There are 2 protein chains.
Amino acid sequence: MSRFFSHKYDKLKAYVPGEQPRDMQYVKLNTNESPYPPSQSVIDAAKQQAGLLNLYSDPEITSLTEQISKIYGVSRSNVICTNGSDEALNFAFMAFCDQDRPIAFPDITYGFYPVFAELNNIPYEEIPLCDDFTINVDDYCSCGKNVVIANPNAPTGIALSLDKIERIIASNPDNIVIIDEAYVDFGSDSAVSLINKYSNLIVVQTFSKSRSMAGARLGFAIANEELIRDMNTLRFSTNPYNVNRMTMACGVAALVDNDYYMENCKQIIKTRESTKAKLIDLGFEVLDSSTNFLFVKNKSISGERFYKELKARGVLVRHFSKDKITEYNRVTIGTPEQMECFINVTKEILGEL
Amino acid sequence: MSRFFSHKYDKLKAYVPGEQPRDMQYVKLNTNESPYPPSQSVIDAAKQQAGLLNLYSDPEITSLTEQISKIYGVSRSNVICTNGSDEALNFAFMAFCDQDRPIAFPDITYGFYPVFAELNNIPYEEIPLCDDFTINVDDYCSCGKNVVIANPNAPTGIALSLDKIERIIASNPDNIVIIDEAYVDFGSDSAVSLINKYSNLIVVQTFSKSRSMAGARLGFAIANEELIRDMNTLRFSTNPYNVNRMTMACGVAALVDNDYYMENCKQIIKTRESTKAKLIDLGFEVLDSSTNFLFVKNKSISGERFYKELKARGVLVRHFSKDKITEYNRVTIGTPEQMECFINVTKEILGEL
């Protein structure tokens, strides 16, 4: 840290993204990317825009906002587009939380929430998950704080039903409830249907997982018009051209090709369930997943050792060194072929114990 | 503003980017874009990456950082890449300014500086330019505040010589000096050569102007390793994948094709000087420009009217309603053909007075 760095960040610990080692070619199951490429029209859209890069992108993000509003059955004024969903989350933390408006979230969840809180000097409460890694809804009802919940949760993969989500929103009318639906397309119910019923709800989604655009950086939030306007005030106060020209056009194309992506999600769900069955046969404990990953442990091998043995054999998964989940690993669902490789390598590792 | 919006933003007024009207096709001279398209290898790089969009971009931005460090003769650890240079500027404001470390900048300069200051709750001083729109260097020497200076300045176009910039940096050893060199490639001297001499210097540049990539969103900062590390702490605490895969590859390709872009800059300078001469012949006052735009006024027509008459005839320039410069317009240098059109339309307008 330089002597010039502001003391307001004394307690800030930056987020650590999943590793991207370059020493060899891995079966990469560690950052929840889609194993399926973008559709041809997304590739064509990028090409077409590349020739126009000398011109700024549309700061109103008109075409993409329109397309999102169509697919999700809301108005354009209910949508904000961002440079990945992390930016939407950060805008929501910045806009609606402060010293007087703290935020609550589970102790085991997306690791960026405490970072956004620290970054913006927001007091936060980390509420322990139940022993079975589910969220106790009552912990969040009338809690007197803003709330952010990843639904389905990560890295557990467990989803809350929409009626439980609605209980949290309805019981906190004077606080913001952010539902982070990064993995919603893999089998849980979206809260988007509730945005006109509750003025305190913000739903955040991403093109990184179900829509094969992690590398393009595109996220969005859906909420009532007033909240979106506030978030846009911050967008125009940080980076009015936050979404570049190519990504914007790719996003439109991806939504036009929605069927292709939703088919991919179905395939990923199928692969997930068959992988889960095989892991259970091998003695793993596997949490119920509504996402494109599985959270798994095996009594016969520590979480850290399993991670290392896999990596040594060319398979990357994600291990978190947090106490409560140190015995687990998070395994992204890849293609059937990738998962077969993962299962075979796992058998090899278990066989050598 | 919703009832949930944090009061910390009560005084925040968002930045207003140049208009992007869609009612007709304009000769667009209002946002300082390059009139020249990106080179073929930039287009090819975008295409190639589009097929890999399902994979996250490299959070270390290795290849691009390396290429920038080569071109500018610095180490990789001296470089941070951002989603447009606005993000680099915002990181610098966030990292090094706070309630106890205010910042000073000219009263006539890039309109985003006061927005970043308000956004981050940073006290700021706007120091008046001299009557001839130059910066009085003594105002900034030993000023006891952080400093940000656009060099050349916008919207005036006037550059400070490097020895004057160095005086400001050297006289403020306990404060950060940010030199925003968005327009440096159009004829002024860069302060990059000073980063190893002064630990308090941050140079910010962009691919938006001289490198025809406004629509790709790519900026960078060059500074000593410690300052870059602090800015990276903020990058990893907001958006570790801030630069998308396509833009990253386009940036590398643009630097490989550096000669093409520097030739374009030469052409733009040539067009600028011939346009300036023609405007002077037409009775305009034209400030000395080291940028890809001219800042012009004409006693026989108000700044606002000239802007409106041009727009009505299909030529867009930028007018700022700020008192001290309300008689001026900022005119981006386009192709020779575009500038011929601008000059002809201007003659028509003046002829009708």
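I will try to describe carefully the structure that is included in this document. What you see is a predicted model; the values in this text were computed from it and never measured.

## Quick word on the pattern of salt bridges
Logical step 1: In the structure shown here, the tally under the stated rule is 36 salt bridges over all chains.
Logical step 2: The partner of Lys276(B) in a salt bridge is Asp288(B), and the shortest N-O contact between them spans 2.7 Å. Remark: Asp288(B) occurs in the loop between β9 (284-286) and β10 (293-298) and Lys276(B) occurs in helix α8 (residues 258-281); sequence separation between them is 12 residues.
Logical step 3: Taking relative accessible area as the criterion, Lys276(B) reaches 12% and is therefore assigned buried.
Logical step 4: Classification of Asp288(B) as exposed rests on a relative accessible area of 54%.
Logical step 5: It is possible to trace a salt-bridge network through shared partners that takes in Arg305(A), Glu309(A), Arg313(A), Glu348(A) and Glu352(A).

## Brief notes about the relation of the copies chain A and chain B
Logical step 1: Of the two same-sequence chains, chain A is brought onto chain B (RMSD 0.0 Å, axial shift 0.0 Å) by a rotation of 180°. Such a combination of turn and shift is consistent with a two-fold rotation axis. Minimal C-alpha separation from the rotation axis in chain A is found for Lys47(A), amounting to 2.5 Å.

## Section: unusual backbone geometry
Logical step 1: In this structure, Pro155(A) follows Ala154(A) across a cis peptide bond, with omega equal to 5°.
Logical step 2: Along the chain, Pro155(A) falls in the loop between β5 (146-150) and α5 (162-170).
Logical step 3: With an omega of 0°, the peptide bond running from Asn151(B) to Pro152(B) counts as cis.
Logical step 4: Relative to the elements of secondary structure, Pro152(B) occurs in the loop between β5 (146-150) and α5 (162-170).
Logical step 5: The residue Ser142(B) is not glycine, and still its phi comes out positive at about 45°.
Logical step 6: Along the chain, Ser142(B) turns up in the loop between β4 (124-127) and β5.

## Some words on the packing of helix α6 (residues 225-238) of chain A against helix α4 (residues 112-119) of chain B
Logical step 1: Contact pair α6(A) / α4(B): the axes reach a minimum separation of 9 Å and the direction vectors enclose 130°. Overall, the two elements α6(A) and α4(B) adopt an arrangement that is oblique. Here α6(A) contributes Leu234(A), Phe236(A), Ser237(A) and Thr238(A) to the contact with α4(B), which in turn contributes Phe112(B), Val115(B), Phe116(B) and Leu119(B).
Logical step 2: Considering only residue class, the contact of α6(A) with α4(B) consists of six nonpolar, two polar and no charged.

## Digging into the packing of aromatic side chains
Logical step 1: The tally for this structure, following the rule as stated, stands at 42 aromatic pairs over all chains.
Logical step 2: Between the aromatic rings of Phe112(A) and Phe116(A), the centroid separation amounts to 4.3 Å while the plane-to-plane angle is 10°, which identifies the pairing as stacked. Of this pair, Phe112(A) and Phe116(A) are both found in helix α4 (residues 112-119), four residues apart, which corresponds to roughly one turn of the helix. For the pair formed by Phe112(A) and Phe116(A), the shared burial category is buried.
Logical step 3: Each ring, one from Tyr260(B) and one from Tyr261(B), has its centre 4.8 Å from the other, and the planes form 75°; the classification is edge-to-face.
Logical step 4: For Tyr261(B), a relative accessible area of 0% corresponds to the buried category.
Logical step 5: Pairwise contacts between aromatic rings join Tyr15(A), Phe93(A), Phe105(A), Tyr110(A), Phe112(A), Tyr113(A), Phe116(A) and Tyr124(A) into one cluster.

## Quick look at the nonpolar core
Side chains of nonpolar character tend, in soluble globular proteins, to be buried together.
Logical step 1: By size, the foremost hydrophobic cluster in this structure holds 117 residues, and its most contacted members are Ile68(A) and Ile68(B).
Logical step 2: Excluding anything up to four places from it in sequence, Ile68(B) contacts Val79(B), Cys81(B), Phe207(B), Phe220(B), Ile222(B) and Leu255(B).
Logical step 3: Listed in part, the 72 residues of the second largest apolar core include Leu12(B), Phe105(B), Ala221(B) and Ile228(B).

## Describing the interface of chain A and chain B
Logical step 1: The partner chain B presents 84 residues to the 84 residues of chain A that form the contact.
Logical step 2: In total, about 6700 Å² of surface goes out of reach between chain A and chain B, with carbon and sulfur atoms giving 54% of it.
Logical step 3: Interface area lost by chain A to chain B is led by Phe4(A), Asn54(A) and Tyr56(A), which between them contribute 12%.
Logical step 4: The salt bridge involving Asp174(B) is made with Arg3(A); its shortest N-O contact spans 3.0 Å.
Logical step 5: Our count for the chain A to chain B interface comes out at 46 residue pairs in polar contact (both at pLDDT 80 or more).
Logical step 6: Secondary-structure elements contributing two or more residues to the side of chain A that touches chain B are α1 (40-50), α3 (85-96), α4, α6 and α7 (245-256) of chain A.
Logical step 7: If one sorts the elements of the side of chain A that touches chain B by residue count, α6(A) sits on top with nine residues.
Logical step 8: Grouping the amino acids of the side of chain A that touches chain B by side-chain chemistry returns 40 nonpolar, 27 polar and 17 charged.

What counts and what doesn't
Residues numbered from 1 in each chain as written. Chains lettered and ligands numbered in written order. Predicted model: local features only at pLDDT ≥ 70, side-chain atom pairs only at ≥ 80, totals over all residues. Heavy atoms only, no water. Salt bridge = Lys/Arg side-chain N within 4 Å of Asp/Glu carboxyl O. Helix = DSSP H or I, 4+ residues; strand = E, 2+ residues; numbered from the N terminus. Buried < 20%, exposed > 50% of the residue type's maximum accessible area, 1.4 Å probe, protein only. Least-squares fit on C-alpha atoms with pLDDT ≥ 70 in both. Axes fitted to C-alpha atoms, helices over the stretch in contact; angles between N-to-C directions. Parallel < 35°, antiparallel > 145°, perpendicular 65-115°, else oblique. Contact = heavy atoms within 4.5 Å. Nonpolar A, V, L, I, M, F, W, Y, C, P; charged D, E, K, R; others polar. Phe/Tyr/Trp six-rings, centres within 6.5 Å; stacked < 30°, edge-to-face > 60°. Core = buried A, V, L, I, M, F, W, Y, C linked by side-chain atoms within 4.5 Å. Buried area = accessible area lost by both parts, 1.4 Å probe. Polar contact = N/O pair within 3.5 Å; in protein donor to acceptor, adjacent residues only side chain to side chain.

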